[in-house]
Amino acid sequence: MPIRDHHRPTGLPASEADLSNMNNSDPILPPTPLHDMAGQWWETEELAPAMRDYLLNIFCLHRASIHFTFHEPTFKARLAAPEEAERPHRALLESIYLLACYFSARLPNNQSLVHHEEHFLKRARQALMESLSYSDRLMDFLMGSILLTQYLYMRGRWLEGYHVHCGAARFALSCGLHQLPSHIYYSPLYNKPVTANVVLLPAPTSGIELGERISTFWMLYMCDKLSSIAAGFVCALPTETDAVDAVETVFPRAMEEYEVNDVNEFETCNLRFLFDPTSASAAEGARQGTPWTVTIKGFAILERAVKLSTVHRARPTGDSAIALRCLELAANRVLSTLPPIAHYAQESTSTENMTKDDMAAYIAHNTVLGALMEIHQALDELDDKAHYALLSCAKRTADLTACVKEEGLAQAYLIAVGVSGGLDIRRQIILIVIFSRSSVGALQLE
């Protein structure tokens, strides 16, 4: 029997220009301190609209730095919905407030709210339990879980974050988010007969709804790879090679494309496409991937390189060597689509003013080069050329690091790739890369 997910409001904003607005007329600008912050504003079950919007503005200013994607006009419409069941669940709202407190440390004029983090962490955890207990607005539960996971990882609380992530990831699999093979919400692929006893999420009813589900899966995927590479945890999501629960979800498009139906049934690139040695010819005619897709590919390749190289070092076989060679081809295919490293060496370029496209390519460069160093290091004993290829990748990584103008971030990159430690690829590279738009100094690496 279907369990209704109260996630979609009855109406959507008509204007595409509202994408960056949290209020009907006011764009998201650097928030200014509120005069009524002196009271116990955080104790009320529902924050006052002024305080709520203040925290939402902070979050929306910084959400790109953690690759959090949702449709802002829909979210705004839900905030104003007359029925409680159509509004965002507190599982999502409290998690947003928590991240807003975290991001507030970067605001000028001593506007930091970091001392409220533990308070909103407790509220977010309670709200997530309530959402799950009543099967209430389950997409809000998943997005809130993603935010909570990312917060705990950024604060160095790995076990807590991994616990939250595993529950959300396995739940997403039960909802079928790993098997969304088309960008077309009315595709026959989403109208197959239901064989399960319980349907957690009904078929999507709009392009925006499908786009949010696809994006939510890939946000979970990024958390999964982060926990695997940086902390060594077992992945909670299956891979594209698993026989039963293979990942078939297409790489995400920009949310605006779902809004105006600028998607087509031929764009079916996914993980299989990424790792298929013959995929170069299949890519002809396909549109260029979004910046976020480029980042996802870098994470996927690095995580697989770490796994395969570890297996090969422990017990080298012909099959493991072939797998590493195939992955090397995939990594080089991705590198061939990125701007040259010299593109980042311009005096005017830094991580503080990079465009979204440049930042995504910069992240992909680092992750893919890290993957290639893992591969070449694993194959060093089998191939004399592997050692020179390893040194070449290390030099390119050093050149890329030298392009970074901020001293602290450059030092973090050098530490991450192990230039001072025999060129071993440190798991921490993924932490530096994924949050390179955030304040890296705030990361608590263990």
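Residues numbered from 1 in each chain as written. Predicted model: local features only at pLDDT ≥ 70, side-chain atom pairs only at ≥ 80, totals over all residues. Heavy atoms only, no water.

1. Topic: the overall build of the protein chain
- Along the protein chain, the regular secondary structure elements total 16 helices and 0 strands.
- When each of the 446 residues of the protein chain is scored for burial, the buried share is 56%.
- Expressed as a percentage of contacts within the protein chain between residues at least 6 apart in sequence, the contacts between residues at least 24 apart total 73%. (Helix = DSSP H or I, 4+ residues; strand = E, 2+ residues; numbered from the N terminus. Buried < 20%, exposed > 50% of the residue type's maximum accessible area, 1.4 Å probe, protein only. Contact = heavy atoms within 4.5 Å.)

2. Notes on the pattern of salt bridges
- Taken as a whole and assessed by the stated rule, the structure comprises 21 salt bridges.
- In this structure, Arg125 and Glu160 form a salt bridge, with 2.7 Å as the shortest nitrogen-oxygen distance. Taken together, the positions of Arg125 in helix α4 (residues 117–133) and Glu160 in helix α6 (residues 158–174) put the pair 35 residues apart, joining distant regions of the chain.
- Residue Glu303 is joined to Lys307 by a salt bridge in which the shortest nitrogen-to-oxygen separation is 3.0 Å. Remark: Lys307 and Glu303 occur in helix α11 (residues 291–314); sequence separation between them is 4 residues, near one turn of the helix.
- Overall, the relative accessible area of 5% leaves Glu303 in the buried class. (Salt bridge = Lys/Arg side-chain N within 4 Å of Asp/Glu carboxyl O.)

3. Focus: the environment of Gln179
- Turning to its location among the elements, Gln179 is positioned in the loop between α6 and α7 (207–231).
- Its relative accessible area of 36% is what places Gln179 among the partly exposed residues.
- Once the C-alpha coordinates of Gln179 and Ala246 are considered, the two residues, 67 residues apart in sequence, prove to be 7.7 Å apart.

4. Let's talk about the confidence of the model for the protein chain
- Across the protein chain, the average pLDDT comes to 79, with 75% of residues at or above 70.
- Segment residues 1–29 is flagged for pLDDT under 50; beyond a separation of four residues in sequence, or across chains, it makes 76 contacts in the model.
- Within the model, pLDDT remains below 50 along residues 281–285, and this stretch shows 2 contacts once partners closer than five positions in the same chain are excluded. (pLDDT = per-residue confidence, 0-100.)

5. A look at the nonpolar core
- Counting 123 residues, the largest nonpolar core has Leu55, Phe59, Phe68 and Trp218 as the members making the most contacts within it.
- Not counting the four nearest positions on each side in its chain, Phe59 is found in contact with Phe68, Phe70, Ile96, Leu99, Ala100, Phe103 and Leu147. (Core = buried A, V, L, I, M, F, W, Y, C linked by side-chain atoms within 4.5 Å.)

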